[in-house]
Amino acid sequence: MMMNTWKTQCKFLPGTVIIGKWHGGNYQIIRELGSGANGIVYLAKGVRGHTALKMSMDSLSITSEVNVLKAFSKVPGDSPGPSLYEMDDWESPRGRIHFYTMEYIQGPDMLTFIKKNGQTWVGILIVQLLDTLEKLHQEGWTFGDLKPENLIVSGPPPRIRFIDVGGTTIKGRAIKEFTEFFDRGYWGLGSRKSEPTYDLFSTSMLFIHMYYPKKFSRVGDGKKQLIQQIDSHSELSRFSPVLRKALFGEYGSAKKMKGDLLILLSDKGDKPVTYARRSATRQRKNKKSGSMKETVMVLLLTIVLYALYIYSYLL
Ligand SMILES: Nc1ncnc2c1ncn2[C@@H]1O[C@H](COP(=O)(O)OP(=O)(O)OP(=O)(O)O)[C@@H](O)[C@H]1O
């Protein structure tokens, strides 16, 4: 009932002009992009051109999302999520509405992108995701609600970006928002405490989901079931050592998971554990040259896949 009330109050037609009470920003609604548990997101036209505008009756949820976006902007390198433009209130004909505006991230969600461009992309997108997660974890945050709908592949060149930061939680607290299939609590494989291993579990589930686009439910022992799903899939089973470690919380960081995944992707998948060990020793010996190699590997993989992507469009 409550939800319907706010939804009705935040429902506006294309062409509606929203004027910020405090900062005077001027936005014209183009169309609705979607709605979530506590607000509606519109595509709007503002001084910066196309802008995503999220409005809600709940000022707390708006403030908390704005704080996460501010924290994202402190992550070194390009922001993993949309850049925040401004937060304001609007005295609408139906009363005061809280809103914030942010960069409009254009592109398909991760599953749609993989369906269109092929599973060759899964590895490289997950490597990109792990890179971003590592930075986010270093800043003391857990993304929480990792799922394809919250991951947009923008570009070209393809680049994974987060949208919907509502689940992003400070380390040590209880995860704010989650989705069953990607939640380790649901599978009986851990708690809902905000920590890096929580996101790495979801990353592993995201990887599995790219090969099983139809999600499956838990039946009995979650651990046994997931292992069976991975190992019985002819292509997915190649990644089994990395996926298992992530599912069982055995990776101390996203960086470690990324390192192992890169080894598998560089086609040395016949003896992954041996390679992982060798790589770990090498990394200890020469940390700098290790990360240089990783960067070059990611670059090469991206270039090759990007060339294939362009080629498929020319055909
Ligand atoms: N910055 C953005 N750029 C482009 N599209 C966006 C952006 N932010 C949100 N969207 C779109 O708006 C939809 C609604 O977003 P929102 O964050 O409110 O909720 P949700 O992800 O659907 O649900 P919930 O918050 O309950 O998990 C998203 O699914 C996405 O399609």
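Residues numbered from 1 in each chain as written. Predicted model: local features only at pLDDT ≥ 70, side-chain atom pairs only at ≥ 80, totals over all residues. Heavy atoms only, no water.

With an unreviewed UniProt entry as reference, the protein is termed Serine/threonine protein kinase, source organism Lederbergia galactosidilytica.

As a structural note, the neighbourhood of the ligand is formed by 17 residues, with Ala37, Lys54, Glu103, Ile105 and Asp164 the closest of them. Residue Lys54 places a side-chain N or O atom 2.9 Å away from an oxygen atom belonging to the ligand. Here an oxygen atom of the ligand sits 3.4 Å away from a polar atom, N or O, in the side chain of Glu177. Contact with the protein chains covers 82% of the free accessible surface of the ligand, which is 600 Å². When residues of the shell around the ligand are traced back to their parent elements, those giving at least two are β2 (26–35), β4 (49–56) and β6 (95–103). Counting residues per element, the shell around the ligand draws most heavily on β2, at three residues. Of the residues that constitute the shell around the ligand, the class distribution is nine nonpolar, four polar and four charged. Counting the residues that make up the shell around the ligand, at least three belong to each of domain 1 (2–103) and domain 2 (110–314). (Near = heavy atom within 4 Å. Polar contact = N/O pair within 3.5 Å; in protein donor to acceptor, adjacent residues only side chain to side chain. Areas by Shrake-Rupley, 256 points an atom, 1.4 Å probe, with all protein chains shown as cover. Helix = DSSP H or I, 4+ residues; strand = E, 2+ residues; numbered from the N terminus. Nonpolar A, V, L, I, M, F, W, Y, C, P; charged D, E, K, R; others polar. Domains from an automatic or database assignment.)

A few words on the environment of Pro93. As for its placement among the helices and strands, Pro93 is situated in the loop between β5 (84–92) and β6. Note on Pro93: relative accessible area 76%, which makes it exposed. (Buried < 20%, exposed > 50% of the residue type's maximum accessible area, 1.4 Å probe, protein only.)

Taken as a whole and judged by the stated rule, the model has 13 aromatic pairs. An angle of 45° between the planes, with centres 6.2 Å apart, marks the rings of Phe72 and Phe162 as tilted. Of this pair, Phe72 sits in helix α2 (residues 59–73) while Phe162 sits in strand β9 (residues 159–162), and the two are 90 residues apart along the sequence. On the basis of relative accessibility, which here comes to 0%, the residue Phe72 falls in the buried class. (Phe/Tyr/Trp six-rings, centres within 6.5 Å; stacked < 30°, edge-to-face > 60°.)

Once that is clear, we can look at helix α8 (residues 254–265). For α8, which comprises 12 residues, the first-to-last C-alpha distance of 16 Å matches the rise-based estimate of 16 Å (1.5 Å per residue) to within 8%. Counting buried positions over the 12 residues of α8 gives 10, a clear majority of the element. Three or more residues of α8 are buried, namely Ala254, Met257, Lys258, Gly259, Asp260, Leu261, Leu262, Ile263, Leu264 and Leu265. Once α8 ends, the next one or two residues include Asp267, with phi positive near 70°. (Expected span 1.5 Å × (residues − 1).)

Right, let's get into the domain arrangement of the protein. Under the domain assignment used here, the protein contains domain 1 (2–103) and domain 2 (110–314). Opposite the 15 residues of domain 1 that make contact, domain 2 presents 13 residues. Ranking the residues of domain 1 by area buried against domain 2 places Val68, Phe72 and Pro80 at the top, with a combined share of 36%. Here domain 1 is connected to domain 2 by one salt bridge. Notably, a salt bridge pairs Arg161 with Glu103, separated by 3.0 Å at the nearest N-O pair. Viewed at the interface, domain 2 and domain 1 are joined by six residue pairs in polar contact (both at pLDDT 80 or more). The greatest single-element share of the side of domain 1 that touches domain 2, amounting to six residues, is contributed by α2. Of the residues in the side of domain 1 that touches domain 2, the class split is eight nonpolar, three polar and four charged. (Contact = heavy atoms within 4.5 Å. Buried area = accessible area lost by both parts, 1.4 Å probe. Salt bridge = Lys/Arg side-chain N within 4 Å of Asp/Glu carboxyl O.)

In the structure shown here, the tally under the stated rule is 11 salt bridges. Here Glu91 makes a salt bridge to Arg96, at a shortest N to O gap of 2.9 Å. Classification of Glu91 by relative accessible area gives partly exposed; the value is 40%. Here Arg244 and Asp231 are joined by a salt bridge, their closest N and O atoms 2.4 Å apart. Here Asp231 lies in helix α6 (residues 222–231) and Arg244 lies in helix α7 (residues 240–247), a separation of 13 residues in the sequence. Overall, the relative accessible area of 36% leaves Asp231 in the partly exposed class.

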